[in-house]
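# Architecture and fold: a report
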Amino acid sequence: MGTTITIIGVILMPIRIRGPSREPRRIRPEDAVKAISLVKEGIKLFIAGPPIIHRGPAGEIHVDVPLMYNGYALDRIHYDPYTNTFSPKGRPVHAVNVQVSRDTVWELSKQYVKELYVIEAVEYREPEDAWVVPLAWRCFIVAHIKVSYDGEELVPDYPLTEEITGRLM
Amino acid sequence: MKLWRCVYDFIMREKLLVTLLILFLLFLIYDHSLVERVPEYVNMNALIVIFTLLMISRSLHVSGLTNQVAVRILSRTKGLPRATLFYIVLITYLLAPFIMNDGAIFVMVPLVIVVAELSGHEEALLVTLVALSANLASIILPIGNPQDIVIWTHYGVSLPDYVLASLPLYFLSLGLLALYVIFLSRRLVIKKLPLLPRVRLDKKLSIASIASLIAIIITAQLKNPLIGLIITLALILLSRPRILIEVDYSLLVVFLLMFIDFSEIPHLLGVQSLISMLTPFQVYGVSLVLSQVISNVPATIAIIRHTVYWKPLFAGVNIGGVGFLPGSMANIIALRLSRMKIRDYHRYALPFFIVLGLLGLALVYIGLYG
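Description of the structure in this document. Starting afresh in each chain, residues are numbered from 1 along the sequence in its written order. Key to labels: chains lettered from A, ligands numbered from 1, both in the order written. The predicted nature of this model means local features are confined to residues of pLDDT at least 70 and side-chain atom pairs, given and counted, to a pLDDT of 80 or more, with totals for whole chains, interfaces and linings taken over all residues. Working from all heavy atoms in the structure, the side-chain values ignore hydrogens and water.

### Description of the pattern of salt bridges
All names here are of chain A. A pair is scored as a salt bridge if a Lys or Arg side-chain nitrogen falls within 4 Å of a carboxyl oxygen belonging to Asp or Glu. Considering all chains together, one arrives at 20 salt bridges over all chains under this definition. For Lys40, the salt bridge is made with Glu120, and the minimal N-O distance between the two is 2.5 Å. Here Lys40, found in helix 2 (residues 29-42), pairs with Glu120, found in the loop between strand 6 (117-118) and strand 7 (123-125); they are 80 residues apart in sequence, far enough to count as distant. For the salt bridge of Arg76 with Asp64, the shortest nitrogen-to-oxygen distance reads 3.3 Å. With Arg76 in strand 4 (residues 72-80) and Asp64 in strand 3 (residues 61-69), this residue pair connects regions lying twelve residues apart in the sequence. The exposure class assigned to Asp64 is buried, which follows from its relative accessible area of 2%. Sharing partners across several salt bridges, the network here consists of Glu123, Arg125, Glu128 and Lys146. A run of H or I in DSSP becomes a helix once it reaches four residues, and a run of E becomes a strand once it reaches two; helices and strands are each numbered from the N terminus. Exposure classes here rest on a 1.4 Å probe applied to the protein chains alone. A residue is buried below 20% of its type maximum, exposed above 50%, and partly exposed in between.

### Brief notes about a nonpolar patch on the surface
Residue and element names in this part refer to chain B. In this analysis, a patch consists of residues with relative accessible area above 30% that form no salt bridge, clustered at 9 Å for like charges and at 5 Å for the nonpolar side chains Val, Leu, Ile, Met, Phe, Trp and Tyr. Exposure was quantified through the Shrake-Rupley algorithm and a 1.4 Å probe, taking into account, for residues, occlusion by the shown protein chains and nothing else. A cluster of nonpolar side chains, contributed by Leu3, Trp4, Val7, Tyr8, Phe10, Ile11 and Met12, occupies part of the molecular surface with about 720 Å² of accessible area. Considering the arrangement of structural elements, one finds Tyr8 in helix 1 (residues 2-13). Its relative accessible area of 45% is what places Tyr8 among the partly exposed residues.

### Looking at the environment of Leu160 of chain A
Residues and elements named next belong to chain A. Structurally, the position occupied by Leu160 is in helix 4 (residues 158-168). Through-space distance from the C-alpha of Leu160 to that of Arg76 is 7.9 Å; in sequence the pair is 84 residues apart. Contact criterion: two residues are considered in contact whenever any of their non-hydrogen atoms come within 4.5 Å of each other. Apart from residues no more than four positions distant in its own chain, Leu160 is found in contact with Ile52, Pro66, Ala73, Asp75 and Arg76.

### Comments concerning the side chain of Asp31 of chain A
For Asp31 of chain A, the position within the fold is in helix 2. Not counting residues within four places of it along the chain, the set of residues in contact with Asp31 of chain A comprises Trp131, Tyr149, Asp150 and Gly151 of chain A.

### Digging into helix 16 (residues 296-304) of chain B
Residue and element names in this part refer to chain B. Burial analysis of helix 16 places nine of its nine residues in the buried class, the great majority of the element. Restricting attention to buried positions, one finds in helix 16 the residues Asn296, Val297, Pro298, Ala299, Thr300, Ile301, Ala302, Ile303 and Ile304. Structurally, helix 16 contributes buried residues whose contacts are with helix 8 (146-155), helix 13 (249-269), helix 14 (272-276), helix 15 (280-294) and helix 17 (310-319).

### Quick look at the packing of helix 13 of chain B against helix 16 of chain B
All names here are of chain B. To define axes, lines are fitted to C-alpha atoms, for helices over the stretch in contact only, and angles between the resulting N-to-C directions are given on a 0 to 180 degree scale. Running from amino to carboxyl end, helix 13 crosses helix 16 at an angle of 50°, the nearest separation of the two axes being 8 Å. The orientation of helix 13 with respect to helix 16, classified from their angle, is oblique. With respect to the hand of their crossing, helix 13 and helix 16 are arranged in right-handed fashion. Contact residues: Phe255, Met258, Phe259, Phe262, Ser263 and Pro266 in helix 13; Val297, Pro298, Ile301 and Ala302 in helix 16. Just so you know how the angles are binned, under 35 degrees is roughly parallel, over 145 roughly antiparallel, 65 to 115 roughly perpendicular, and the rest oblique. Helix crossings fall into two classes, left-handed where the near helix is turned counterclockwise from the far one by less than a right angle and right-handed where it is turned clockwise.

### Some details on the interface of chain B and chain A
Interfaces are often described in size by the accessible area the parts lose on coming together. If you look at the interface, chain B gives 35 residues, while chain A gives 26 residues. Roughly 2,900 Å² of surface becomes buried between chain B and chain A when both sides are summed, with 56% attributable to carbon and sulfur atoms. Counting the contacts that link chain B with chain A gives one salt bridge. With its nearest N and O atoms 3.3 Å apart, the salt bridge here joins Arg198 of chain B to Glu153 of chain A. Any pair of nitrogen or oxygen atoms within 3.5 Å is treated as a polar contact; in protein, a donor-acceptor pairing is required on top of that, and neighbouring residues in sequence qualify only through side-chain atoms on both sides. The tally of links from chain B across to chain A stands at ten residue pairs in polar contact (both at pLDDT 80 or more). Among the secondary structure elements, those contributing two or more residues to the side of chain B that touches chain A are helix 4 (44-63), helix 5 (65-75), helix 6 (81-119), strand 1 (198-199), helix 12 (242-246) and helix 18 (329-338) of chain B. No other element matches helix 6 of chain B, which puts six residues into the side of chain B that touches chain A. The buried area of a pairing is the accessible area, by a 1.4 Å probe, that goes missing from both parts when the two are put together, added over both.

### Section: helix 10 (residues 203-221) of chain B
All names here are of chain B. Multiplying one less than the number of residues by 1.5 Å gives the expected span of a helix. Along its 19 residues, helix 10 runs 27 Å from first to last C-alpha, staying within 8% of the 27 Å computed at 1.5 Å per residue. Leu205, Ser206, Ala208, Ser209, Ser212, Leu213, Ala215, Ile216, Ile217, Thr219 and Ala220 are the residues of helix 10 that are buried. Its side-chain oxygen at 3.3 Å from the backbone nitrogen of Lys204, Asp202 defines the N-terminal cap of helix 10. Directly after helix 10, the chain includes Lys223, whose backbone phi takes a positive value near 60°.

### Observations concerning the packing of helix 3 (residues 34-41) of chain B against helix 13 of chain B
Residue and element names in this part refer to chain B. At their nearest, the axes of helix 3 and helix 13 sit 10 Å apart, and the two run at 115° to each other. Comparing the axis directions of helix 3 and helix 13 gives the class roughly perpendicular. With respect to the hand of their crossing, helix 3 and helix 13 are arranged in right-handed fashion. Across the interface between the two elements, Leu34, Arg37, Val38 and Tyr41 of helix 3 pack against Phe259, Ile260, Ser263, Glu264 and His267 of helix 13. Of the residues contributing to the contact of helix 3 with helix 13, the split by class is five nonpolar, two polar and two charged. Think of it as three bins: nonpolar holds Ala, Val, Leu, Ile, Met, Phe, Trp, Tyr, Cys and Pro, charged holds Asp, Glu, Lys and Arg, and polar takes everything else, Gly as well.

### Quick notes on the side chain of Asp202 of chain B
With respect to the helices and strands, the residue Asp202 of chain B is situated in the loop between strand 1 and helix 10. There is a polar contact of 2.2 Å between the side chain of Asp202 of chain B and the side chain of Arg240 of chain B. Apart from residues lying up to four places away in sequence, Asp202 of chain B is in contact with Tyr158 of chain A together with Ser63 and Arg240 of chain B.

### Details of the pairing of strand 3 of chain A
Residue and element names in this part refer to chain A. With respect to burial, strand 3 is a largely interior element, nine of its nine residues being buried. A two-sided burial pattern is seen for strand 3, the buried positions comprising Ile61, Val63, Val65, Leu67 and Tyr69 on one face and His62, Asp64, Pro66 and Met68 on the other. Here, any two strands with at least 2 DSSP bridges between them count as paired. Sheet topology note: the strand 1 (residues 47-48)/strand 3 ladder contains two bridges and is antiparallel. The residue of strand 3 that forms the bridge with Ala48 is Leu67. In this sheet, strand 3 lies alongside strand 2 (residues 52-55) in antiparallel orientation, the contact comprising four bridges. Its bridge partner being in strand 3, Ile52 is matched across the sheet by Asp64. Across seven bridges, the pairing between strand 3 and strand 4 is antiparallel. Across the sheet, Val65 pairs through a bridge with Ile77, a residue of strand 4. Between strand 3 and strand 4, which pair antiparallel one after the other, the connecting turn spans two residues, and Asn70 there sits at a positive phi close to 55°.

Shape descriptors only; they carry no functional weight alone.
Right, here's the structure in full:
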């Protein structure tokens, strides 16, 4: 009897569809302005973290430079080993037949990070409940900095932070 | 060719582990009976507590809780230069007992680098102050650093007895650091510090980390830290499983090899009976000097099995953690994070170490650590 009830229950139970976990937040333009101001304040404190060099099975090399604040990684910036410059977001470079020196990448990245500037417009990402402020280097958008919905706190890239902390240990 | 490259990369990355492994193999070749002594040498409870605390320290940092605490307290200084120095010491004193000395270094060194950049403080001074504070603050709780975990679990000291014994050295070092800050800040010309942005707090992970911390303290006191480890694994698995992948497992092997190698050295040299005859005064002196040469965790392991005087050993290895760079692993991590010069570290750390070492001697003499 108990088993029959369970089977009927399972059949009748509607299939759950994943939706928003909470009510959509009412966003305010003044919070977006605060988010931009926060990143403008913080940008002078951002530094280049230790470069992450991935080697693929065919020998190709892919280099990312973490953008760090106060021990937390905020985003990864793609690095182009051919030109020794930052690569725009969305274009990771898989380089072949090129030598990459970790120290050189780090030193150059430190200089480039000082040249970053804030683009004064934001997007909002509902799943992360955060504003996203783009950072540019020369004419490329190279990083996205996430700021909490109220524009008060920076939102780190936690998996990347864990990876960097592990490497430094 | 690729294999050699991998081996070379591994050796370069894990120099300490490889050195300890080579030492172990040499000892094994010299005396095959070492294999039989390994179970006796390895303090499994200490290893489990150290491993669990490494995970908790990592998850507390990643959760943003330690950053929130540090930045909120620092903002209370209203940017005043001398207050900033005091608060840096105080924040480190507050955090280190709960997240271990190495964990406090991970939180505070990036923060003081930012503070140095903004205020014009000398980076080496701030980083050294953090290293000194992290080493000395972590002694108040037995979970604050690896050598105290080893002492706590080996002698089976109760938590209240341990805390009571550590209080004189804790307050003495705090007072001395306060005087040092006043002395050093006399000639500093520094700018007012602006407000620092905070990072978002991961509440679920913070709660899981605090619960894990309480669990490991209770279970270690009940001499069953394995349960604490299982609770921590479950809580982290539920809140952020990735932390388990990123834990530095090689550090666990490093501690395991340290237990074997540094327990074997007195055996090979035949100095066990010599160590067992040392007076409290001598235990303090030997542990202090040995810590400066081979670091305080190996010094603790080399001495602990042959002496009954845990208090002078405790004072010696903890004061021995400051001073020269190899005194503690936390100093080396601070140096790696900040890229400060070794000379600059010694310029600030050595005078402090000499004064604290002498005061420690006085504490042993009057019987507080006798």
